[in-house]
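Structural features, examined
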Amino acid sequence: MMSVVVAAVGECEDPGFVSPLRILVRSFRWSRDQWKAKAGRLMAEVKRLKSENVHDVQLSRTSGRERAEGNCRCCGREWRR
């Protein structure tokens, strides 16, 4: 394993690397920020979809309960069986 020595000014002394560390750090920070923003958006979408699913299940249960009781949800008339 090759060890890399970093100088105090932030430049890499290994001739195999050509980009200064300050440039790499900026690029990595930008990439990390983009990844975190995307992850946050996806988590919010998951939360929203879970909430909608719970709402849909509640509506379905209410509708099923009304049918079992024999009442129409829109007008209150009895269901024809």
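Residues numbered from 1 in each chain as written. Predicted model: local features only at pLDDT ≥ 70, side-chain atom pairs only at ≥ 80, totals over all residues. Heavy atoms only, no water.

1. Overview of the overall build of the protein chain
A count of helices and strands for the protein chain gives one helix and zero strands. Counting over 81 residues, the protein chain shows a buried share of 7%. Per element, the accessible surface of the protein chain, about 7,700 Å² overall, is 57% carbon and sulfur. (Helix = DSSP H or I, 4+ residues; strand = E, 2+ residues; numbered from the N terminus. Buried < 20%, exposed > 50% of the residue type's maximum accessible area, 1.4 Å probe, protein only. Areas by Shrake-Rupley, 256 points an atom, 1.4 Å probe, with all protein chains shown as cover.)

2. A look at the pattern of salt bridges
Taken as a whole and judged by the stated rule, the model has two salt bridges. Residue Asp33 pairs with Arg32 through a salt bridge whose shortest N-O separation is 3.1 Å. Put simply, Glu45 and Arg48 hold a salt bridge, and the shortest N to O gap is 2.7 Å. Of the two residues, Glu45 and Arg48 are both situated in helix α1 (residues 21-69); the distance of three residues between them amounts to about one turn of the helix. Among the residues examined, Glu45 registers a relative accessible area of 35% and is labelled partly exposed. (Salt bridge = Lys/Arg side-chain N within 4 Å of Asp/Glu carboxyl O.)

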